[in-house]
Amino acid sequence: MAIPKHWKKIPLGDLVVARKGKKPLKLLPSPFDSSVPYLDIKSLESNVIEKFADSFTSVEGRDTDIMVVWDGSRSGLATLGQNGAVGSTVMCLTPIFVNQKFLFYFIQSQYEFINSNTVGSSIPHVNPGLFYNIQVPLPPPIEQAQIVSEIESRLEYLKKQFATLSDEWEYEQEYRKSLLREAVTGRLSSKTNSKIAKQTNTYKSFQRLKFPSFWQVEKASEIFEVITSGSRNWSKYYSSSGALFIRVGNLSHISLDLDLSKEKLSYVKLPGKTEGIRTRLRAGDILTSITADIGSVSYIDKDVPEAYINQHIALLRAKPNYNSKFLAYFLASDIGQQQLLAKASGATKLGLSLEDIRSLEFCLPPLIEQKAIVKELDKLIFKSLKADRTNKDSFEKLEVLIKVIYDSAFTGSLLKTNNSKYEWPTNIINFIQSEKSKMTNLLKKKSATKSTGANKLRTELSSPKSIIEILANAPTTGIAVEEVWKLSTHYINNNVEAFYEELEKSMNKKLKKHVITFFKGQNNSTVILKLSKHAD
């Protein structure tokens, strides 16, 4: 890109001190002595801290740094720094001789380039050779500040537009949910059909909702002639062409249509006799995900080219006297979704079995009304999805505008005045390297001061103590149960149930000279534990 003559081009790597985050020795869901917030990708994006790390063995970042996601599908994503322990998948960049926000916005502008040129076969990582050699267009400091101000004023306007579009998108989502609820509980047909409205004057309860009394509750096992799932181990049949292979990613919570966008297409080439041909899709089939993103639903509206499903999807094929699309809408409604999620819950369950699917219950009107409801619902859903597509187009236009802002910013087009007479340091590369060396040494010294605390923590963690050992070394006046918890090995593992189980066993244990006693502290809100001698 062309830049003003008085600007410099400096490799990104020369402008930062880079430190990769790591997993600390001690990482817990609540604060503890000498802990700092743990800055993983989620916390950096949401500003919600869910974990805390010991400061002694952490790489600590600051709010003057820049954080870059270094590993995973979002590699290259940049955020402004925060004070805390840098997560193990994050690179912390300390800017040298460059405005933090100027560099942050520049790295943001390079996201697509960085993210599409990662390294690593299974897990993508930022390509360090590429990243650190990106040429940063560097204006004088005063112009950097002006450009940041211009970028932020423009982005602030776009943020408001994004917020409006997000609200509209959420409205359409909720609108479609309410449409489905009204449709599958009979309210929609009552509003649109006067004959049905006359019939709908008494109600019965099903799934804690009111349904017309003449609607019938039936199990999936009675409704569907086929309930099956895809065969396992079809990866050996993967191919660049052939029959469509439908996976969970092709299903949606938004629409009953399959998502057959190019990036989500997969194919298989099958030998003549293959177990699983039974799952070849037909018009009228209903698909729902039974593992991972449970409850995504799709309906095969018309015959598709040869296509099959994988083992994470259930195929439901209705008997002739039912309207398949009404059944699909029912399953996609919150009434169907609640049943699916309820059956998938439980500590030992990884998903839904076919028996779970067979036991699903549907409350159904007569076939003629099923068809009428589907006809009306199709019209309303189509209008809502059309609004969604318009909304998506608007989102994409705003994304383009952001790129235009960045392009203008880093070619000097946003500057109202320039500082062309600015005198750069003689031999600027050597100057920056000198400043970088000073910062590197400063950070190393700061890290070295934590070695004593780190060694002490390693010793504590390598020799976990039982509750009795903790009490034996506690003051004779006793120690609060909360402090015993923090000193126990169970605290490191965040297993409070195991702690109280050990405490109960210890209190019941017959010791030779001592017994564990407890009493309320001075403020009556703390329980104090101590080892007391046996009364002779």
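Up top is the structure.
Residues numbered from 1 in each chain as written. Predicted model: local features only at pLDDT ≥ 70, side-chain atom pairs only at ≥ 80, totals over all residues. Heavy atoms only, no water.

Engineer: Honestly, the layout of surface pockets in this entry has me stumped. Any pointers?
Structural biologist: A water-sized probe rolled over the atoms picks out the places where empty space is left. Computed from the structure, the largest pocket encloses a volume of approximately 1300 Å³. Along its surface, the largest pocket is lined by 42 residues, and Ile-254, Ser-255, Leu-256, Asp-257 and Leu-385 are the ones closest to its centre. Listing elements by their share of the lining of the largest pocket, those giving two or more residues are helix H5 (141-184), strand S20 (297-299), helix H9 (324-332), helix H10 (334-344) and helix H12 (367-409). Looking at the lining of the largest pocket, the element that brings in the most residues is H12, giving 9 residues. Residue composition of the lining of the largest pocket, by class: 17 nonpolar, 10 polar and 15 charged. Each pocket or cavity is described by its volume, and for the second largest pocket that value is around 930 Å³. (1 Å grid on protein atoms, 1.4 Å probe; cavity = no way out; pocket = protein on both sides within 12 Å on 5 of 7 lines; lining within 4 Å. Points joined across faces, edges and corners; volume = space filled by probe spheres on them. Helix = DSSP H or I, 4+ residues; strand = E, 2+ residues; numbered from the N terminus. Nonpolar A, V, L, I, M, F, W, Y, C, P; charged D, E, K, R; others polar.)

Engineer: Mind showing me how you'd approach the sheet that holds strand S10 (residues 90-95) here?
Structural biologist: Pairing between sheet strands relies on hydrogen bonds along the backbone, with the strands arranged either parallel or antiparallel. The 4 strands are arranged S2-S10-S7-S8 in an open sheet whose pairing can be described as antiparallel. Only two strands of the sheet have a single partner each, and these edge strands are strand S2 (16-20) and strand S8 (78-80). Sheet twist, expressed as the mean angle between neighbouring strand axes with direction ignored, is 25°. Pairing of strand S7 (residues 66-69) with S8 involves 3 bridges; the strand directions are antiparallel. Within S8, the position partnered with Val-68 by the bridge is Ala-78. Lying on the sheet, helix H2 (residues 100-109) is in contact with S2, S7, S8 and S10; it crosses S8 at an angle near 160°. In this fold helix H13 (residues 428-448) packs onto S2 and S10, with an angle of close to 30° to the strand it touches most, S2. (Pairing = 2+ DSSP bridges. Axes fitted to C-alpha atoms, helices over the stretch in contact; angles between N-to-C directions. Contact = heavy atoms within 4.5 Å.)

Engineer: What's the story with helix H18 (residues 496-508) in this structure? I'm lost.
Structural biologist: Note that an α-helix has 3.6 residues per turn; residues three or four places apart therefore point the same way. Its 13 residues give H18 an end-to-end C-alpha distance of 19 Å, which sits within 8% of 18 Å, the value for a rise of 1.5 Å per residue. Every buried residue of H18 is accounted for by Phe-499, Glu-502, Leu-503 and Ser-506. One side of H18 holds all its buried residues, which, seen down the axis, span an arc of 105°. Set apart from the buried face of H18 by more than 90 degrees, the exposed residues are Glu-497, Glu-504, Lys-505 and Asn-508. (Expected span 1.5 Å × (residues − 1). Buried < 20%, exposed > 50% of the residue type's maximum accessible area, 1.4 Å probe, protein only. Arc of directions from axis to C-beta.)

Engineer: What is the right way to look at the environment of Lys-383 in this model?
Structural biologist: Summarising the element assignment, Lys-383 is placed in helix H12. On a C-alpha basis, the gap between Lys-383 and Glu-172 in space is 9.9 Å, while along the polypeptide they are 211 residues apart.

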